[in-house]
Structure formats: structure tokens, C-alpha cells
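Descriptive structure summary
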Amino acid sequence: MKRKNRFLALALALALALSLLPGCGSEEEPEAATQNEAQPGGSITWPEEGLDTSATLASTIVGDTLYMVFNGVQARTSGYFTPAGDTITVTSSATTTSETRFSYRVTLWKETYGGREYVDGGTMYFTADGECRTGTFTGLEAGARYKIGLAYDGGSHYMSGGLTISGLAQADALEDGDTSAA
């Protein structure tokens, strides 16, 4: 019984101490961070030549825009590209085989010596409802090479659609048969 009372006293003291720390107790909790969600709008007009929109994964470059299609995939990456400035615009439209999960994410990766690293804050969420959505990534480094990853968190479900990345100075198309995962 004596040990139980000591434990209760210690627990009460700990709870009191935690309530006095800044940010704890009765102070208002900070709002949860919001996701970077692409906004409804934009459009995609596929090039008339050079892109097989029925392929599992294909891409082509026209002017300052990289076009990429994906059919029945869960995760893939684009080829590397160099932005013309510090901002790129991503427009995407997709559908999914899932009846409960309707979002996919586009992540931004920067080329490094021997690989790539995730760009802090470089995730944008899209809704897979067949409608176009558009968003931007800003603060990109001049002359650096980037790629985007495309991923769907849905177990055995897949997505199909396409995207454009505009505002590019240079881009690499996917190699034939490239099935890189994000």
C-alpha cells in the first residue's frame, strides 16, 4: 500500500510539472500542419505525336513541358529535369481502382552526387477523380536537376492518368521500358 501511494504521488507530481511547461496544459494546441494540396483547375492537352497514352508509363518533352502518362501503376518517377526558374507547375489528372482511397502524391527529388534526395516540403497531394488539379513547387535551385515521384498509397489498388510539369529549361524523357518506382 505504501508503494502504491508513492507511485500515485510521483505520477501526480509529474502531471503537474508537465502542465507547467510551455505549450502544455491548458494553452491552446497549435493547429495541425495542412497538406500541400493541388487545387482544382488546369488542363492537359496531350501532344499529337510522340506519346503513347495507353502505355504503362511514357513521357515526352514539348517546349518547356514534360508530359507523362501512367496506367495501372502504384509508384513511378519522371526523368530528370532542370527548371527554367525557381518554380515549376504540375498539372495532373488520374483515376483509381480503389473505391475508398482517392489521393496520390507527387514528390520532388533533387539530384545529388550518386543519387537523389527528397526536397524538404516537396510533397503535393492530388485527388484521383478524373479532374485536373494544379499546384506549384517554388524555391528551386537554378541549374539543379530534379525529378518527381508519383505514388499511390493503396495496397493492391492502382491509378491511371497523366501529368505535366511546366516551366522547364531542359528535361530527360523516360527510357523505353523504364519502370522506376518512386
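To continue, consider the nonpolar core. Membership of the largest hydrophobic core comes to 28 residues, with the highest contact counts inside it found for Phe70, Phe81, Ile88, Tyr104, Leu108, Leu150 and Ile165. Broken down by secondary-structure element, the contributors of at least two residues to this core are strand E3 (65–73), strand E6 (88–96), strand E7 (103–112), strand E8 (115–127), strand E10 (146–151), strand E11 (159–166) and strand E12 (168–171). Broken down by element, this core gets its largest block of residues, four residues, from E3. Those residues within four positions of Ile88 in sequence are excluded, and the remaining contacts are Phe81, Pro83, Leu108, Gly135, Thr136, Phe137, Leu140, Ile165, Ser166, Gly167 and Leu168.

Its place among the elements puts Thr60 in strand E2 (residues 57–62). The class of Thr60 is buried, set by a relative accessible area of 14%. Each residue touching Thr60, except ones within four places of it in the same chain, is listed here: Pro47, Gly50, Leu51, Thr65, Leu66 and Tyr67.

Further remarks concern the packing of aromatic side chains. For the structure shown, the criterion picks out five aromatic pairs. Between Tyr104 and Phe126 the ring centres are 5.6 Å apart and the planes differ by 20°, which places this aromatic pair in the stacked class. With Tyr104 in strand E7 and Phe126 in strand E8, this pair connects stretches of sequence that are 22 residues apart. Taken together, the ring pairs connect Phe70, Tyr104 and Phe126 into an aromatic cluster. A cation over an aromatic ring shows up here: Arg116 above the ring of Trp109, its NZ or CZ 5.3 Å from the ring centre. The ring centre of Tyr80 lies 4.6 Å from the NZ or CZ of Lys147, which sits over that ring.

So, on to the pairing of E8. In the sheet, E7 pairs with E8 via nine bridges, with the strands oriented antiparallel. Residue Ser103 lies in a different strand from E8, and its bridge partner there is Thr127. Between the end of E7 and the start of E8, which pair antiparallel, lie two residues, with Gly114 showing a positive phi angle near 80°.

Attention now moves to the sheet that holds strand E9 (residues 133–137). Strand order in the open sheet formed by six strands is E1-E9-E6-E11-E3-E2, with antiparallel pairing between adjacent strands. Edge positions in the sheet fall to strand E1 (39–40) and E2, since each of these pairs with one other strand and no more.

On to the pattern of salt bridges. Think of it this way: side chains of opposite charge can pair up when their charged atoms draw near. Inspection of every chain in the model, using the stated rule, returns four salt bridges. Glu111 is paired through a salt bridge with Arg145; the nearest N and O atoms lie 2.8 Å apart. Placement of the pair is Glu111 in strand E7 and Arg145 in the loop between E9 and E10, with a sequence separation of 34 residues. The exposure class assigned to Arg145 is partly exposed, which follows from its relative accessible area of 25%. Here Arg145 ties to Asp172 by a salt bridge, and the two come within 3.1 Å at their closest N and O atoms.

Residue position: Leu168 is located in strand E12. Residue Leu168 is classed as buried on the basis of its relative accessible area of 6%. With residues near it in sequence (within four places) discarded, Leu168 still touches Asp64, Leu66, Phe81, Thr82, Pro83, Ala84 and Ile88.

Calculation notes
Residues numbered from 1 in each chain as written. Predicted model: local features only at pLDDT ≥ 70, side-chain atom pairs only at ≥ 80, totals over all residues. Heavy atoms only, no water. Core = buried A, V, L, I, M, F, W, Y, C linked by side-chain atoms within 4.5 Å. Buried < 20%, exposed > 50% of the residue type's maximum accessible area, 1.4 Å probe, protein only. Helix = DSSP H or I, 4+ residues; strand = E, 2+ residues; numbered from the N terminus. Contact = heavy atoms within 4.5 Å. Phe/Tyr/Trp six-rings, centres within 6.5 Å; stacked < 30°, edge-to-face > 60°. Lys NZ or Arg CZ within 6 Å of the ring centre and 35° of its normal. Pairing = 2+ DSSP bridges. Salt bridge = Lys/Arg side-chain N within 4 Å of Asp/Glu carboxyl O.

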